[in-house]
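Single-letter residue listing:
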Amino acid sequence: MKKKILITGAAGFLGSHLCDRFLVEGYHVIGMDNLITGDLKNIDHLMKRADFEFYHHDVSKFVHVPGKLDYILHFASPASPIDYLKIPIQTLKVGSLGTHNLLGLAKAKNARILIASTSEVYGDPLVHPQKESYYGNVNTIGPRGVYDEAKRFQESITMAYNRFHGLETRIVRIFNTYGPRMRLNDGRVIPAFLGQALRGEDITVFGDGSQTRSFCYVDDQVEGIYQLLFSDYDLPVNIGNPHEISILDFANEIIKLTGTDQKIVHQPLPKDDPLQRQPDISTAREKLGWEPQTHREEGMKITFDYFKGLTQEELHKSEHKDFSQHIVK
Ligand code: UDP
């Protein structure tokens, strides 16, 4: 009898890669998604498999799964600054009500649950790099507050179920992750820059580009999550790649990678855009023996190849050309 795992956000970027991984490992996978930001195209290749089922469902509403369940991975959530502005209430609901429903399901099924938290719980961090022991610097009422606070609540309620109900829980704090199946038009920097290069548009660097990020390739992220699920460590663990780069340097890397001669243009920095972000991954190294293996050059090449494979129609269907809405009072 195969072990059964429920993966929420299954049609999204990370969720779909997690479905692939658990199928390879011999699990029966139930993928769940309400398809607000997810895309069935990401799991098309799984739909005919006997060991994969798809439930079109919003986890903010009561979640019913018949039969036994061994594991739950909660990866449903909008995950880009533009999404938070477009669908702020859903962002809050999936992190709070959705997490509550899934913790209840885990308790009823006696399943272990891993929830996807984020480096956004650190807000615009005042310590660098960010360790799990840092409590963060979040603007509760800013445009990112709907995501950051939902994720902070998510961590709280998960630990409450762990301590009060003795539920087996795991919490991963995901730092910027990239790879094939990222949504082209979600406004995140990597699809934005690659899309611009492929369409022959200027590369839009927000602010002066001195803000930093540290990008983790999706296979490394999935491996870290896999290791964490099966570890006995139930406090939050940062999973990300500590190799940090400024957004301006990254824009220049993209121009080199894509072999285009795009101009860099500057646009205003969105409100509460963190100035620097780099994971301290000593907990992951120590507790899981994990660290990223993929260099940015290699990961970005694979990602670029994926975006090159998109159709012209997909490439030009950009909902987010106007970033002015990004600047919130
Ligand atoms: N960014 C940019 N140009 C773009 C999109 C994003 O300069 O067209 C910047 C953004 O301001 C941020 C960084 O790239 O400083 C990463 O943004 P992203 O939305 O990918 O994720 P975040 O880490 O901010 O959640």
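Residues numbered from 1 in each chain as written. Predicted model: local features only at pLDDT ≥ 70, side-chain atom pairs only at ≥ 80, totals over all residues. Heavy atoms only, no water.

Engineer: I keep staring at the pattern of salt bridges and nothing clicks. Help me out?
Structural biologist: Two side chains bearing opposite charge may form a pair once their charged atoms approach each other closely. In this structure the tally under the stated criterion is 23 salt bridges. Of the charged contacts in the structure, one is a salt bridge between Glu223 and Arg21, with a shortest N-O distance of 2.7 Å. With Glu223 in helix α7 (residues 218-229) and Arg21 in helix α1 (residues 13-24), the pair connects residues that are 202 residues apart, well separated along the chain. By relative accessible area, Glu223 is classed as partly exposed at 25%. Bridged by salt links that share partners, the residues Glu120, Arg144, Arg213, Asp273 and Arg277 form one connected network. (Salt bridge = Lys/Arg side-chain N within 4 Å of Asp/Glu carboxyl O. Helix = DSSP H or I, 4+ residues; strand = E, 2+ residues; numbered from the N terminus. Buried < 20%, exposed > 50% of the residue type's maximum accessible area, 1.4 Å probe, protein only.)

Engineer: Quick question: what am I supposed to make of the site of the ligand here?
Structural biologist: Surrounding the ligand, one finds 18 residues, the nearest of these being Thr204, Phe206, Arg213, Asp273 and Arg277. One of the side-chain nitrogen or oxygen atoms of Arg144 is found 2.8 Å away from an oxygen atom of the ligand. The contact in question runs from an oxygen atom of the ligand to an N or O atom on the side chain of Arg213, over 2.6 Å. Taking 520 Å² as the accessible area of the ligand by itself, protein coverage stands at 97%. Across the shell around the ligand, the residue classes break down as eight nonpolar, four polar and six charged. (Near = heavy atom within 4 Å. Polar contact = N/O pair within 3.5 Å; in protein donor to acceptor, adjacent residues only side chain to side chain. Areas by Shrake-Rupley, 256 points an atom, 1.4 Å probe, with all protein chains shown as cover. Nonpolar A, V, L, I, M, F, W, Y, C, P; charged D, E, K, R; others polar.)

Engineer: Mind showing me how you'd approach the packing of helix α6 (residues 189-199) against helix α10 (residues 296-308) here?
Structural biologist: Two packed helices can be described by the angle between their axes and the distance between those axes. Relative to each other, α6 and α10 sit at 55 degrees, their axes nearing to 10 Å. Classified by the angle between their axes, α6 and α10 sit oblique to one another. Considering only the axes of α6 and α10, their crossing is right-handed. Facing α6, whose interface residues are Ile190, Pro191, Leu194 and Leu198, α10 presents Met300, Thr303, Phe304, Phe307 and Lys308. When the residues that make up the contact of α6 with α10 are grouped by side-chain class, the tally is seven nonpolar, one polar and one charged. (Axes fitted to C-alpha atoms, helices over the stretch in contact; angles between N-to-C directions. Parallel < 35°, antiparallel > 145°, perpendicular 65-115°, else oblique. Left-handed = near helix turned anticlockwise from the far one by under 90°. Contact = heavy atoms within 4.5 Å.)

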